[in-house]
Amino acid sequence: MKNTTLIFGHKNPDTDSICSSIAYSALKNKIGKHTKPMRLGDINKETEFALNHFNIDAPELLTTVHPCIGDIKTGNKTVIKDTDSIKTAMEILTRENYSSLPIVNKDNKLESMLHISQIANAYLEMSTKNIFDNHCTDYSNVLNSLNSTLINGELPCGKISGDLRSLREIKLGQNNGVVVTTDTERIDEHTDKYNISLIVICSKNKPNIDFKGVNTPIVHTEYGIFKAFKYISQSVSVRNILSNNTFLQLRTRDYIRDVQAMMRESDQSNFPIVNANGEVHSTIRIKHLSDVVSNNVILVDHNERGQSVDGIETAKVLEIVDHHKFGDFETNEPLMIRAEAVGCTSTIIYRLYKEAGIEIDKNIAGLMLSAILSDTLIFKSPTTTKRDVEVAKELEKITGVDIDKYGMDLLVAGASLEDMNAEDVITMDMKKFSMGNYKIALGQINTVDVNGLMKHKTDLEKVMQKHIDVNNYDMFMMVITDILNKGSKIIVLGNSAHLVETAFGVQLEDNTAWLKGVVSRKKQIVPVLMQVAQS
Ligand SMILES: [Mn+2]
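Asks: I'd like a rundown of the overall build of the protein chain, residues and numbers included.
Replies: When its secondary structure is counted, the protein chain shows 18 helices and 22 strands. By its C-alpha atoms, the protein chain is 120 × 60 × 40 Å across when sized along the principal axes. Here the protein chain holds 535 residues, and 50% of them are scored as buried. Counting contacts in the protein chain only where the partners sit at least 6 residues apart, residues at least 24 apart contribute 61% of the total. With the model as given, the accessible surface of the protein chain reaches about 26,300 Å², and the carbon-plus-sulfur share is 46%. One way to put it: in the protein chain the 60 positive side-chain charges average out to a point 4 Å from where the 68 negative ones average out.

Set out below in structure tokens:
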């Protein structure tokens, strides 16, 4: 994920935010970058229509760009298996200068953390007498710990049975075991009669003897006998000395901000990190917390922090492509900003395609066209520029869809009230106001199909009346805004419905009226009503 730049629009994404992310990511990838479009929220019905129409999957949801534990670039990858020897563990701890090491089982899953103090404690209690009775290990650990080579027979597999014996003890009838000796003379054709699993010969030079007729495995080490005993005791596998100590383990997907306090409070100095499969990813210390690789991101269709993804302050913003006013954006490093006073981000992205000399794929062109038609309400919005219209015409040629027909289908799909009941329509965007002595509710919904919605007028009125009864509103005004014809159909109920007639100079017929040119509750309705209510 780290090498991939994430491209996304604003929260509560509209069609421009989604389609421009996809289109810009496609352009970037065509010029050899690794990018991925993302979305910061649910896809609305309009965008869903566009994506389905042009057969493109919705981007994945991105909830945060806060760095995860797995984003820390430093740390130690060394692990040891629970069957490895104490000697191996000590060598790694010394070499890496760590006080603890993750121990994994045969499936590479984290089993425990081995602390150097556990080795010290075990070592103090360990005696070479009965060592293999009390601590299990296998023959290869002994071979490796002694830095020895096999000079006769075959090294047995698995766990060592028996214990350390001298040749004499064995010959005197002691049980089976591993023999450590400097004496090669006594190894003869009778040796196989005894139950010896391994003979370790300690001598400066490799013995120049023919062990013909002997099958017992023999290894040679250059260590003297005292060193050999020391290293044999270190050959026991770490599994023997693991205690059931509890320790803090982290997951690669943990957010650093969530775990750092816990890490600081813990007296553990080294923390194992496991991946989603429970396998060890690495270990880190507190000091590594600052070594994070931040997410690279490109913002489209927005430039304000408040509208962007959670954790944006931790990300590296490479570019901004936007058509909104610039707010409070502050960055640590210079970045590429592409801002144009046009009606839609996709209008800018079209130019970026041209500048890069890259052809636009048919389906991507369809999404870009959708974004322009959506943002400009098929060129009816006052934010539309000549450039938006020109670009839309070019995209129309590439996609082959008809702007007017497709644009209308797109907006209708977006304003679809399917799956919505009367209660949803009324409360979707409802606000309460105290105006003078009046308690007033004002609901608004945008649609391209006012008549379709008005067919449900009786149901809508029932819900409005219910809200009036429950909340003692003096008036409930429902504003059904026709986004294509620039005006609003209103339904007004309540004892003070006459306020609306005075405010807008209209006559309510069957509780409704048409307010020509009125589309903004904030700018065109609330102030006018307020004036009348307070006079
Ligand atoms: Mn936009």
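Following the structure, the description resumes.
Asks: Run through the pattern of salt bridges, naming residues and quoting values.
Replies: Enumeration according to the criterion identifies 17 salt bridges in this entry. In this structure, Lys 28 and Glu 319 form a salt bridge, with 2.5 Å as the shortest nitrogen-oxygen distance. You can see Lys 28 sitting in helix α1 (residues 15–30) and its partner Glu 319 sitting in strand β16 (residues 316–322), a full 291 residues away along the chain. By relative accessible area, Lys 28 is classed as buried at 10%. Here Asp 258 and Arg 257 are joined by a salt bridge, their closest N and O atoms 3.5 Å apart. Each of Arg 338, Glu 340, Arg 351 and Glu 355 takes part in salt bridges that share partners, so that together they form one network.

Asks: Can you lay out helix α4 (residues 116–125) for me, pointing to particular residues and giving the numbers?
Replies: Restricting attention to buried positions, one finds in α4 the residues Gln 118, Ile 119 and Ala 122. What you see down the axis of α4 is that its buried residues fit within an arc of 100 degrees, all on one side. Next to the buried residues of α4 lie α3 (86–96) and β6 (110–115).

Asks: Requested: an account of the domain arrangement of the protein chain, with residues and values cited.
Replies: In terms of domain boundaries, the protein chain breaks down into domain 1 (5–65 + 295–415), domain 2 (71–122 + 240–291), domain 3 (127–235) and domain 4 (422–534). Distance from the C-alpha centre of domain 1 to the C-alpha centre of domain 4: 34 Å. Counting from both sides, the interface comprises seven residues of domain 1 and, opposite them, six residues of domain 4. For the domain 1 and domain 4 pair, buried surface summed over both sides reaches about 600 Å², with 76% attributable to carbon and sulfur atoms.

Asks: Before we move on, can you summarise the environment of His 467 with the specific residues and values?
Replies: Secondary-structure assignment places His 467 in helix α16 (residues 457–471). A sequence separation of 390 residues divides His 467 from Lys 77, and the C-alpha atoms of the two residues are 63 Å apart. Excluding its chain neighbours within four sequence positions, the residues that come into contact with His 467 are Glu 423, Thr 427, Met 430, Asn 472, Tyr 473 and Phe 476.

What counts, and at which threshold
Residues numbered from 1 in each chain as written. Predicted model: local features only at pLDDT ≥ 70, side-chain atom pairs only at ≥ 80, totals over all residues. Heavy atoms only, no water. Helix = DSSP H or I, 4+ residues; strand = E, 2+ residues; numbered from the N terminus. Buried < 20%, exposed > 50% of the residue type's maximum accessible area, 1.4 Å probe, protein only. Contact = heavy atoms within 4.5 Å. Areas by Shrake-Rupley, 256 points an atom, 1.4 Å probe, with all protein chains shown as cover. Lys, Arg positive; Asp, Glu negative; His and termini not counted. Charge placed at Lys NZ, Arg CZ, Asp CG, Glu CD. Salt bridge = Lys/Arg side-chain N within 4 Å of Asp/Glu carboxyl O. Arc of directions from axis to C-beta. Domains from an automatic or database assignment. Buried area = accessible area lost by both parts, 1.4 Å probe.

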